Amino acid sequence: MTVAPRTSRQLDHLVLPVGELAIARNRLQQLGFTVAADARHPFGTENACVFFSDKTYLEPLSIAQREECEASAQAGNVFTARDQAYRFRRGQDGFSAIVVSTDDAVADHTRFQERGISAGDMLEFSRPMKLPDGSEAVGSFRLSFAADLRAPDFFFISCQRVKSLPSDRAVLEIHANGVTGMAEVVLSEPNPTDFQYILQEVVDEREVSAHSFGMDIETRNGVKISVLNQAGMSGFFDRKTTGHSRGLRGRAVVFKVADLAVTEHLLDANAVPFIRKDNRLLVAEAPGQGVIFAFGE
């Protein structure tokens, strides 16, 4: 029997629920990020993305029209159903999903079904995006979903760009804080290796590094996905997670910056509280920023 070779997936973006895009935009700009124009999904949600030069991005996600979101969730839209459930359980600001890129979302959906981790039906949609020069383009997407019933507050998306938005977004990729991309995405769970299997399947990568603080798996574009236990969250992020119920939780994003001194100066100038730890600047959660943001060179 010949086993098809695996090619690990690239981290594409992170889904970050927020209560209001205006609050998220203000917070992200205070942190020194350039934020794209608001963009509406055809099922009642909207986003205002932050794009990086390493071609990853953040997707702050809010509810534009509650009735549309609820109707689409009832009709089987996994994206809005999981978003509604997250907000009910965890609140309006947070980190609900990791998105990886794929050339074939249909094949991923089949694989997720065969492995017992499919979160439901695929989703296909198109949406417009306003470009910095004022013009508008339309992108089309095909999504497949993976989840573990033991982790109701987190899920994974495999995203295929059927019709890509224009790739020249250089103006949006320049940030006053010096961020060039993501280095690490951090989840937490008391016993991280209990969720090794789903991470391996989503990233399509067998190699996992287990250690006393949890485990790591690396995506093809070099962004590390870490799942940390209580000791790891305390040691690396100065965050106690005592009493953490079981299941994956989105906790932090570690950004790469060109010059940490520039980032520190900007945070000081904008009166953003932070602490220094292990050659990183750690910014705690705030309205419009539902997880820890860490900046390092």
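Residues numbered from 1 in each chain as written. Predicted model: local features only at pLDDT ≥ 70, side-chain atom pairs only at ≥ 80, totals over all residues. Heavy atoms only, no water.

Secondary structure summary: the protein contains seven helices and 17 strands in total. Over its C-alpha trace the protein gives a radius of gyration of 18 Å, about what one expects of a compact globule, namely 19 Å for 297 residues. Reported as C-alpha extents along the three principal axes, the dimensions of the protein are approximately 55 × 50 × 35 Å. Classification of the 297 residues of the protein by burial places 53% in the buried group. Taking as baseline every contact in the protein between residues at least 6 positions apart, the subset at least 24 positions apart corresponds to 66%. (Helix = DSSP H or I, 4+ residues; strand = E, 2+ residues; numbered from the N terminus. Rg over C-alpha atoms; globule rule 2.2 N^0.38 Å. Buried < 20%, exposed > 50% of the residue type's maximum accessible area, 1.4 Å probe, protein only. Contact = heavy atoms within 4.5 Å.)

To locate leftover empty space, one rolls a probe as large as a water molecule over the atoms. Scanning the entire structure with this criterion turns up three cavities of 30 Å³ or more. Empty space within the largest cavity amounts to approximately 160 Å³. Lining the largest cavity are 16 residues; nearest its centre among them are His 13, His 41, Tyr 57, Glu 59 and Phe 125. Of all the secondary structure elements, the ones that give two or more residues to the lining of the largest cavity are strand 1 (11-17), strand 5 (57-63), strand 7 (123-130), strand 8 (136-146) and strand 9 (155-163). Class assignment for the residues of the lining of the largest cavity results in eleven nonpolar, three polar and two charged. (1 Å grid on protein atoms, 1.4 Å probe; cavity = no way out; pocket = protein on both sides within 12 Å on 5 of 7 lines; lining within 4 Å. Points joined across faces, edges and corners; volume = space filled by probe spheres on them. Nonpolar A, V, L, I, M, F, W, Y, C, P; charged D, E, K, R; others polar.)

On to the packing of aromatic side chains, then. For any pair of aromatic rings, geometry is given as the distance between the ring centres together with the angle between the planes. The final tally for this structure, using the stated rule, is 15 aromatic pairs. Relative to Phe 125, the ring of Phe 43 lies with its centre 5.1 Å away and its plane at 80 degrees, an arrangement referred to as edge-to-face. One end of the pair, Phe 43, is in the loop between strand 2 (39-40) and strand 3 (45-47); the other, Phe 125, is in strand 7, and 82 residues separate them in sequence. Comparing Phe 43 with Phe 125 shows no difference in burial state: the two are buried. These aromatic residues form a ring-pair network of at least three members: Phe 33, Phe 52, Phe 255, Phe 293 and Phe 295. Seen from the ring of Phe 195, Arg 150 lies directly overhead, with NZ or CZ sitting 4.6 Å from the centre. (Phe/Tyr/Trp six-rings, centres within 6.5 Å; stacked < 30°, edge-to-face > 60°. Lys NZ or Arg CZ within 6 Å of the ring centre and 35° of its normal.)

Attention shifts here to the sheet that holds strand 13 (residues 224-228). If you walk across this open sheet you meet the eight strands as 11-12-13-10-14-17-16-15, and the pairing is mixed. Each of the sheet's edge strands pairs with one partner strand only, and the pair in question is strand 11 (209-211) and strand 15 (275-277). Taken pair by pair, the neighbouring strands of this sheet meet at an average axis angle of 25 degrees, ignoring direction. Both strand 10 (residues 179-188) and strand 14 (residues 249-257) contribute to a ladder of eight bridges, which runs antiparallel. Residue pairing for strand 14: Leu 187 is matched across the bridge by Gly 250. The sheet strands contacting helix 5 (residues 196-203) are strand 12 (214-218) and strand 13, and the helix crosses strand 12 at an angle near 10 degrees. (Pairing = 2+ DSSP bridges. Axes fitted to C-alpha atoms, helices over the stretch in contact; angles between N-to-C directions.)

Considering all chains together, one arrives at 23 salt bridges under this definition. Among the ionic pairs, Arg 111 bridges to Asp 204, the shortest N-O distance being 3.9 Å. One end of the pair, Arg 111, is in helix 4 (residues 105-114); the other, Asp 204, is in the loop between helix 5 and strand 11, and 93 residues separate them in sequence. Accessibility classification places Arg 111 together with Asp 204 in one group, the buried group. We note a salt bridge from Glu 189 to Arg 246, for which the minimum N-O separation is 2.5 Å. (Salt bridge = Lys/Arg side-chain N within 4 Å of Asp/Glu carboxyl O.)

All right, on to the state of the cysteines then. Counted by the stated rule, this structure contains zero disulfides. This cysteine, Cys 159, is not joined by any disulfide, and Cys 49 carries the nearest cysteine sulfur, 11 Å off. We classify Cys 159 as buried; its relative accessible area is 3%. (Disulfide = S-S within 2.5 Å.)

What follows concerns the side chain of Thr 219. Within the secondary structure, Thr 219 is located in the loop between strand 12 and strand 13. Of the residues examined, Thr 219 reaches a relative accessible area of 3% and is grouped as buried. A polar contact of 2.9 Å, which involves the side chain of Thr 219, links it to the side chain of Asn 221. With residues near it in sequence (within four places) discarded, Thr 219 still touches Ser 8, Arg 9, Gln 10, Leu 11, Val 203 and Ile 225. (Polar contact = N/O pair within 3.5 Å; in protein donor to acceptor, adjacent residues only side chain to side chain.)

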